[in-house]
Structure formats: structure tokens, C-alpha cells
Amino acid sequence: MRYANRIMRLSVYLLFCAPLLLHGNTSAAESAQEALEKALKQKPQEFTGVSFYPSCAALRADLKASFDEMWLQDKAWISAAIGIDNPIWGAGKGEEGAQPTAEAAEDAGVEGATNVQEKGVDEADRFRVGDNQIFALSSDEHVQILDRASFRSMGSLYLPGLTQTQLLTAAGRLIVLGQVNTKPGQDLTIVRVYSTSPKDFPVLLAEQRYLGSFFTSRLLGDQLLLMVRDAIPDLRVPVPVREFQEESWFPNAEKRRRLYEMRDQLYRRILPPIRDGMIQGVACERYIRRPVRDWDLQLSKTYLINIRDEKALVSGQLPEALGMIGSADELYVTTRNLYVLKQQVQWFTPVWWGKGDIVDTIPATAQDERLRIQQVSLENGFLQPRSAGQVSGRIKDRWSIRELKEGRYLAIATTTGFLGGWGGEPALNHLFIVAPDGKRQLVKRASIENFAPKEDIRSVRYIGDYAYIVTFEKTDPLFAFDLRDPEHPRLLSELKIPGFSTYMHPLGDGRLIGVGFDTVDQGDFALFQGIKISLFGIADPTEINELQAPLVYGVRGSSSEVATDPKAFFFDSQSGLVGIPVIALRSVGEWGTERDFSGAIMLKLDGPSMVEEARFTHVEWVAEVCRKELDDWRWWQDTRPSLDINRVYRLGDQIITLSRWGLKAYRTGQWSEPTVALSFPHQEASCHTSIY
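Residues numbered from 1 in each chain as written. Predicted model: local features only at pLDDT ≥ 70, side-chain atom pairs only at ≥ 80, totals over all residues. Heavy atoms only, no water.

### A closer look at the overall build of the protein chain
Counting its secondary structure elements, the protein chain contains six helices and 42 strands. By the burial criterion, 56% of the 692 residues in the protein chain qualify as buried. (Helix = DSSP H or I, 4+ residues; strand = E, 2+ residues; numbered from the N terminus. Buried < 20%, exposed > 50% of the residue type's maximum accessible area, 1.4 Å probe, protein only.)

### Details of the packing of aromatic side chains
Counted by the stated rule, this structure contains 16 aromatic pairs. Judged by centre distance (6.3 Å) and plane angle (35 degrees), the ring pair of Phe-479 and Phe-481 falls under tilted. Residue Phe-479 shares its accessibility class with Phe-481, and that shared class is buried. Arranged with centres 6.5 Å apart and planes meeting at 70 degrees, the rings of Phe-517 and Trp-636 form a pair that is edge-to-face. Linking Phe-517 in strand 31 (residues 511-521) with Trp-636 in the loop between helix 6 (624-629) and strand 39 (647-651), this pair joins segments that are 119 residues apart in sequence. Both residues of the pair, Phe-517 and Trp-636, count as buried. Connected via pairs of aromatic rings, a cluster forms that spans Phe-472, Phe-500, Phe-517, Phe-528, Trp-635 and Trp-636. Stacked on the ring of Phe-215, the Lys or Arg Arg-229 has its end atom at 3.8 Å from the ring centre. In this arrangement the basic side chain of Arg-256 is found over the ring face of Phe-250, its NZ or CZ atom lying 5.8 Å from the centre. (Phe/Tyr/Trp six-rings, centres within 6.5 Å; stacked < 30°, edge-to-face > 60°. Lys NZ or Arg CZ within 6 Å of the ring centre and 35° of its normal.)

### A look at empty space enclosed by the protein
In this approach the atoms are scanned with a rolling probe the size of a water molecule, which exposes any empty space left behind. The volume enclosed by the largest cavity comes to roughly 110 Å³. As for the largest cavity, its lining consists of 15 residues, and the residues nearest its centre are Pro-291, Met-324, Ile-325, Lys-342 and Gln-374. No other element matches the three residues that strand 20 (residues 370-377) contributes to the lining of the largest cavity. (1 Å grid on protein atoms, 1.4 Å probe; cavity = no way out; pocket = protein on both sides within 12 Å on 5 of 7 lines; lining within 4 Å. Points joined across faces, edges and corners; volume = space filled by probe spheres on them.)

### Some details on helix 4 (residues 253-263)
Turning to helix 4, its buried residues number three or more, namely Lys-255, Arg-258, Leu-259, Glu-261 and Met-262. The arc that holds the buried residues of helix 4, viewed along the axis, is 160 degrees, so those residues lie on one side. You can read the cap of helix 4 off the contacts: a side-chain oxygen lies 2.9 Å from the backbone nitrogen of Glu-254, and it is on Asn-252. (Arc of directions from axis to C-beta. Polar contact = N/O pair within 3.5 Å; in protein donor to acceptor, adjacent residues only side chain to side chain.)

### As for the pattern of salt bridges
According to the stated counting rule, one finds 48 salt bridges in the structure shown. Between Arg-370 and Glu-46 there is a salt bridge; the shortest N-O distance is 3.1 Å. Accessibility assignment for this pair places Arg-370 and Glu-46 in one class, buried. We note a salt bridge from Asp-509 to Arg-511, for which the minimum N-O separation is 3.5 Å. Residues participating in the shared-partner salt-bridge network are Glu-123, Asp-125, Arg-126, Arg-398, Glu-561, Asp-565, Lys-567 and Arg-647. (Salt bridge = Lys/Arg side-chain N within 4 Å of Asp/Glu carboxyl O.)

### Some details on the sheet that holds strand 42 (residues 676-679)
As summarised here, the arrangement of the four strands in space is 39-40-41-42, forming an open sheet in which the pairing is antiparallel. Both outer strands of the open sheet, strand 39 and strand 42, are each paired with one neighbouring strand and no more. Along the sheet, successive strands turn relative to each other by an average axial angle of 15 degrees, direction set aside. Two strands pair when backbone bridges link them, and strand 40 (residues 654-658) and strand 41 (residues 662-667) are joined in this way by five bridges, in the antiparallel orientation. (Pairing = 2+ DSSP bridges. Axes fitted to C-alpha atoms, helices over the stretch in contact; angles between N-to-C directions.)

### Examining the state of the cysteines
Under the definition given, this model contains one disulfide. Across the disulfide, Cys-56 is cross-linked to Cys-284 (sulfur-sulfur distance 2.1 Å). Residues Cys-56 and Cys-284 share a disulfide whose torsion about the S-S bond is about 95 degrees; that sign makes it right-handed. The pair formed by Cys-56 and Cys-284 is uniform in burial state, with each residue classed as buried. (Disulfide = S-S within 2.5 Å.)

### Details of the pairing of strand 32 (residues 526-537)
With ten of its twelve residues buried, strand 32 lies for the most part within the structure. Relative to strand 32, strand 31 is paired through ten bridges, and the arrangement is antiparallel. Looking at the pairing, Val-520 lines up with Leu-527 of strand 32. By the bridge criterion, three bridges tie strand 32 to strand 34 (residues 551-553) in an arrangement that is antiparallel. Looking at strand 34, one finds that Ile-533 is bridged to Leu-551.

### Quick look at the sheet that holds strand 15 (residues 287-288)
Spatially, 9-10-16-17-15 is the arrangement adopted by the five strands of the open sheet, whose pairing is mixed. Looking at which strands have only one partner, the edges of the open sheet turn out to be strand 9 (213-220) and strand 15.

### Observations regarding unusual backbone geometry
In this structure, Glu-406 is a non-glycine residue whose phi angle is positive, near 55 degrees. In this model, Arg-440 sits at a positive phi of 65 degrees, which is unusual for a non-glycine residue. With respect to the secondary-structure elements, Arg-440 resides in the loop between strand 24 (428-436) and strand 25 (442-451).

### A few points about the nonpolar core
Judged by nonpolar contacts, the single largest core of 43 residues is most densely connected at Tyr-468, Phe-569, Val-578 and Ile-580. With six residues, the top contributor of residues to this core is strand 32. When neighbours within four sequence positions are excluded, Ile-580 is seen to be in contact with Ile-513, Val-515, Ile-533, Ser-560, Val-562, Phe-569, Gly-599, Ala-600, Ile-601 and Leu-603. Listed in part, the 39 residues of the second largest apolar core include Leu-168, Ile-232, Ala-321 and Trp-347. (Core = buried A, V, L, I, M, F, W, Y, C linked by side-chain atoms within 4.5 Å. Contact = heavy atoms within 4.5 Å.)

### Description of the environment of Lys-628
As for its position among the elements, Lys-628 is in helix 6. Along the primary structure Lys-628 and Arg-595 are separated by 33 residues, whereas in three dimensions their C-alpha atoms are 9.0 Å apart.

### Brief notes about the environment of Gly-381
Along the chain, the position of Gly-381 falls in the loop between strand 20 and strand 21 (384-392). Put simply, Gly-381 and Asp-222 are 159 residues apart on the chain and 9.7 Å apart in space, counted from C-alpha to C-alpha.

### Comments concerning the pairing of strand 18 (residues 330-333)
Strand direction decides the pairing type here: strand 18 and strand 19 (residues 337-342), joined by four bridges, are antiparallel. Bridging from a neighbouring strand, Val-333 pairs with Leu-338 of strand 19. Here strand 18 hands over to strand 19 after three residues, the two strands then running antiparallel side by side.

### Brief notes about the side chain of Ser-558
Locating Ser-558 in the fold gives a position in the loop between strand 34 and strand 35 (570-572). At 2.9 Å, the side chain of Ser-558 forms a polar contact with the backbone nitrogen of Leu-585. Among all residues touching Ser-558, those that are not within four sequence positions of it are Phe-517, Gly-530, Ile-531, Tyr-553, Ile-583, Ala-584 and Leu-585.

### Describing the environment of Met-154
As for its position among the elements, Met-154 is in strand 4 (residues 153-158). Placed 21 residues apart in sequence, Met-154 and Gln-133 show a C-alpha to C-alpha distance of 8.9 Å.

### As for the confidence of the model for the protein chain
When pLDDT is averaged across the protein chain, the result is 85; 84% of the residues are at 70 or more. Mean pLDDT across the elements of the protein chain ranges from a minimum in helix 1 (residues 4-17), with 39, to a maximum in strand 22 (residues 401-404), with 98. Counting contacts from residues 86-105, a segment whose pLDDT is below 50, to residues more than four positions away or on other chains yields 59 contacts. (pLDDT = per-residue confidence, 0-100.)

What follows is the structure in C-alpha cells.
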């Protein structure tokens with residue numbers, strides 16, 4: 001058919017990008033364009049405070065409004081595509097998309113402990129040290145099990161089909177989390193609870209399944225907090241011809257033929273009936289009213305599961321559940337509350353067209369410079385919405401947020417704008433203090449705004465009543481803020497040095513370590529280089545300083561898992577040892593690199609100084625195909641785990657190193673030879689699965 005190829009491209013483009021009709025083409029249907037122009041002047045409705053939907057009818061009506069708005073955009077695009085006589089698309093730029101407006105030392109020195117953000121809130125990992133066993137994922141589907149006392153292998157758990165696998169341990173418990181794909185577009189989150197005891201292989205107590213993809217989890221005592229991502233189900237029906245009978249091009253037989261050709265490939269999404277009073281396994285009345293009525297029709301579902309209640313686990317009894325419309329971008333959890341954070345709003349999006357073809361770099365999501373926060377209480381084993389609010393900007397990660405004064409305040413560090421002023425908005429940074437107002441809203445109580453212009457936040461650490469924030473453009477300003485009086489925060493001092501830290505950790509005695517990247521000045525910008533480990537003095541926050549020259553490992557392209565995953569950081573306060581996985585590259589020729597060292601660096605603290613104590617490696621166990629990848633250059637934001645050592649722990653008087661390939665143990669201070677070297681059986685697979 002004459003238009004077959006073009007129609008297929010339009011169909012795929014419509015389904016996945018849903019762009020706007022542009023003003024530059026006068027032959028497009030005016031009525032559809034006028035309707036769209038009217039819609040562009042509107043803004044997605046926002047709601048203050050926090051409440052549940054009172055019924056399935058109320059929830060469905062709210063969702064239907066978004067489906068109708070999405071169809072308005074889709075219809076305009078179809079009409080424009082059919083009404084065009086000359087297949088050279090418009091060359092103008094659409095009006096700006098409307099943005100929403102509102103209506104009314106942490107010490108990791110505990111034996112075998114995982115480095116976590118909040119005390120009392122455990123986090124899942126690929127490696128866990130339990131009370132009787134050590135567990136290590138050698139792949140998505142295989143958990144290696146070792147006796148904790150002897151390091152003897154006890155075999156492995158086989159988890160067929162499981163991906164995104166993570167582990168948690170508690171007294172007498174192993175919890176395996178992950179997901180399986182049951183059919184295209186449908187994942188199930190899997191929770192398996194095992195009983196563990198000395199010398200015995202774990203025994204499966206129960207397996208539970210939840211609709212959706214595994215997002216994240218926390219363990220608070222006996223309560224497993226599980227968050228699952230899902231989507232609003234929809235039906236796709238053929239585009240009805242009657243929708244276009246009033247368009248100016250409809251009397252033209254050739255253009256009607258185009259419509260009929262496209263009709264077999266283009267569909268309108270509609271909301272199906274809600275059955276059994278539930279959407280994707282959560283009751284309608286347990287969905288929190290979304291803060292903004294945009295087009296984000298993902299679901300964020302949170303469950304509280306008692307890992308000690310064997311009767312409920314085995315019977316499949318539904319746990320405490322809470323649903324939210326929209327995708328959760330981050331989750332911050334304390335022993336009192338969880339905070340669900342949304343950073344993007346999906347709405348009508350302006351498009352730039354190129355002559356003769358469709359530009360393939362059209363943003364699918366409108367940039368919305370606001371962070372929306374839902375606060376949910378965890379008290380007494382129930383999920384109860386408490387308050388909601390928003391602040392300007394976006395966060396670097398969940399470490400940008402911290403409860404203050406036993407949860408009465410919340411500190412949030414954000415960035416607005418972009419490096420280099422992309423889009424005309426230069427980067428600015430802010431520290432907000434918000435608090436519940438008693439009317440179910442989180443409101444701003446104080447702020448320090450617009451610091452470090454033209455830079456963005458690279459790491460944040462809250463220590464007691466102080467906040468330490470690293471920003472970067474060409475140098476690494478480390479800022480210290482006094483939050484002792486949350487209603488009146490103060491900027492105390494600033495230290496400018498080359499490079500930047502992406503993770504910081506308090507070491508006690510007024511010391512703060514930073515792990516990140518060295519940089520080299522290039523005039524208007526700086527290039528990141530090797531892994532940089534800095535030791536800062538924060539005993540006097542009004543005069544923070546660098547205690548010694550930083551340690552730098554490798555050249556540009558080197559990496560450390562700590563830079564993107566704080567669980568890889570090891571610090572033992574008893575011995576003063578710091579362990580950091582590193583892949584250090586060296587230059588080869590003008591542009592090439594190769595591995596200089598891979599494994600983990602052990603550092604020793606001695607007062608205001610830090611020296612290298614030892615180096616460990618598992619490189620001899622790394623599969624040959626993966627060993628070649630150790631030579632590869634990595635971007636500083638690369639989140640792939642190391643292909644060598646991933647974790648370091650202290651168990652008694654021994655230090656153990658773990659990777660997907662095996663375990664080595666060393667007597668503290670006797671680093672020349674391991675007391676145990678146990679390689680895991682590994683399956684032929686790619687070097688990087690969903691967890692590697």
C-alpha cells in the first residue's frame with residue numbers, strides 16, 4: 001500500500017510518544033487542533049493534603065479523566081497525519097507544555113552488618129550475613145549458602161526464572177525477593193520466606209506472589225515493607241471513524257482511505273470496569289488520592305508482611321496494603337514513616353519536528369521542577385497516610401532526605417535547573433525544611449535556597465543535627481549546614497577542592513570520608529578521572545577542612561561500586577578499617593585503558609590520617625569473558641556492580657570478601673594469605689544479568 005510504511009511508523013510513534021500537533025501546518029484539521037490548543041492552556045489538577053478515594057466509582061472517574069485527555073492528544077495527531085497533503089512535517093516549535101499549578105556515624109562496624117541509611121531499617125542486598133549462614137547471589141537464580149562459623153559450602157538454592165533478586169536476613173529467617181515474568185507485560189513479585197537454623201539447610205516456609213514488578217523493600221523488625229510497581233489495566237479498542245466525521249478533511253475519499261488503513265493499527269485506550277472492588281489486588285478504598293491528575297498511570301503498591309506470622313504466610317492471607325496512582329521514583333523509610341517521592345509529571349508535551357522526517361528525540365515526560373512527597377505512618381503495623389506536600393527541584397537520591405527531631409521535621413536537598421543552563425535555567429541548589437501542619441499537609445517551615453549556582457548536587461549526608469552537601473561543576477564544594485534549629489537552618493562553611501564525592505560516611509572523631517572521582521580542569525568544564533577517596537575534618541562544622549591529600553586510584557574510566565551503591569561501603573569502628581571495592585584502570589596508548597587492579601582496597605584510619613593497609617582480589621575466579629570487561633572504561637554514573645569483589649564484612653577476628661565468584665577470609669592484620677578461599681560453582685551466563 002502507498003502509505004503502509006508511513007502509517008506503520010505513525011502507529012508506533014503514536015503508541016509510544018503521543019506527540020502534539022504543531023501549528024506550522026495549515027492543512028491539518030482545524031477542529032482537532034483548536035481542541036488541542038484549548039487543552040494546552042489547561043493544567044493538570046492538583047490536590048493538597050492526603051486522603052483515600054471514597055469508592056471505586058470515585059477512583060474510576062478520576063482515572064477516566066486522564067484517559068480522555070490522552071485521547072485528545074492522540075486524536076489530534078491522527079487527524080493531523082491524515083489531513084496533511086504534503087508528507088513534509090511542520091517545521092515550527094510547539095508552545096511550551098503547561099505545567100501544573102495547585103488548587104486549594106552511622107557506624108557500619110557491627111559484625112556482618114549491611115551499610116544502611118537509617119538505623120533500625122534494614123535493606124535488601126545481593127549478599128547477606130545471617131545469624132547462622134552467609135548468603136551470596138552468584139546469579140539471579142542461584143543463592144550460595146555457607147556455614148557462618150566454618151565458611152563451608154552448604155549448597156545452593158535454585159530459583160528458576162527469578163530476576164532482580166535480593167536477600168534479607170533476620171533471626172532464623174532468610175527472605176528472597178525478586179520477580180518472574182508470566183507473560184508479555186506482566187510481572188509477578190515473589191516473596192519467599194525460609195526458616196534457618198545452625199548447620200541446617202534453609203527450609204521454605206511460604207511463597208507469596210503480588211501483581212507487578214519488584215521495586216524495593218525494607219525490613220523493620222518482623223515487618224517486611226514491600227513496594228511493587230504495576231500499571232492501570234486498560235483495554236485498547238479500534239479508533240472509531242465517527243470521531244473524525246466533523247474534521248475538514250473527512251469528505252476527501254483519499255484521506256478517509258488513510259484513516260481506514262490506520263484504523264487496523266491504531267487504538268484508543270479505555271479504562272475497563274473495576275471488578276471485585278479492587279485494582280490490581282488492592283481495594284479501591286486503599287488507594288491514596290493522587291496529588292496531581294496527570295498521565296502517569298503506573299501503580300505503586302506497598303505491603304506490610306509479618307515474616308513471623310507463619311499461619312498468614314502459608315494461608316496466603318492478604319497483608320496490610322496501600323496503593324498510589326503514579327510511579328514512585330524514590331522511597332525513604334524510617335522506623336516511624338515512609339515517604340514516597342514522585343519527581344516527574346506526564347502531561348501534554350511540546351515537540352520539535354524536522355523536515356522530511358520525525359525527530360526521534362522527543363521527550364515523553366514534561367520537565368516538572370517539583371518533588372511531590374507522600375508521608376505514610378508505619379505505626380502499629382498499619383499503613384496510614386499522614387500528610388503530603390511538595391518542594392521545588394529534584395533529588396539526587398534518597399540520601400538527600402532525612403527526618404529531624406524524631407520525625408517532626410523533614411530535610412530535603414534538591415537541585416533545580418541544569419548544568420550549563422540547558423533550557424535557559426541554570427542549576428541552583430536548595431535545602432528545604434518541611435513539617436506536617438496538622439491539616440494533612442507538609443508545608444515549608446524554612447529553607448536555604450539558590451546556593452552553589454551553576455552546579456548540581458552529587459551527594460548528601462546528614463550527621464546528627466548537621467547536613468553535608470557536595471555540589472559540582474568544576475570543583476567540589478563541600479557545604480556544612482546547621483539544622484539544630486530546623487526553623488532557622490544556617491549555612492556554616494564551604495570547602496572547595498578538585499573532584500567530587502558521590503558517597504560520604506561519618507567515621508567518628510570529627511572525620512568524614514568521601515568516595516567519588518578526581519577531576520581535571522578543562523577551562524569551562526572539568527573531566528572526571530580516577531576514584532578519589534577524601535578524608536575531611538568536620539569536628540568544627542564552621543571550618544571544615546581536608547585532613548590529608550586524597551587517595552586516587554586509576555585513571556578516567558575507573559570505578560567503585562560504592563560510588564553508586566552505599567551498601568558496598570565497609571567501615572569497622574573497632575579496628576578503624578575501611579573497605580572499598582575498586583576497579584582501577586591505567587592508560588594504554590593515546591585512548592586505550594586496561595585493568596591495573598580490581599578487587600577491594602583496605603584502608604586504615606590513624607587519627608587524622610588514612611593509609612592503604614591491604615588489597616584483595618577475586619580476579620583469578622572471574623570468568624574469562626567477564627575478565628575482559630574489567631578492562632573496560634565506565635561512566636561515573638554507571639550503576640553496574642563490580643565484576644570483582646562486591647562486599648567486605650568483619651566476622652569476629654576475620655575480614656571476609658565476597659563476590660559472585662566466591663569468598664575469601666583473612667585474619668585481621670594478616671593479609672598475605674587468606675585463611676579460607678572458596679570459589680562458588682557458577683553457571684555459564686552473561687556478565688551482567690539483572691543484578692550483575
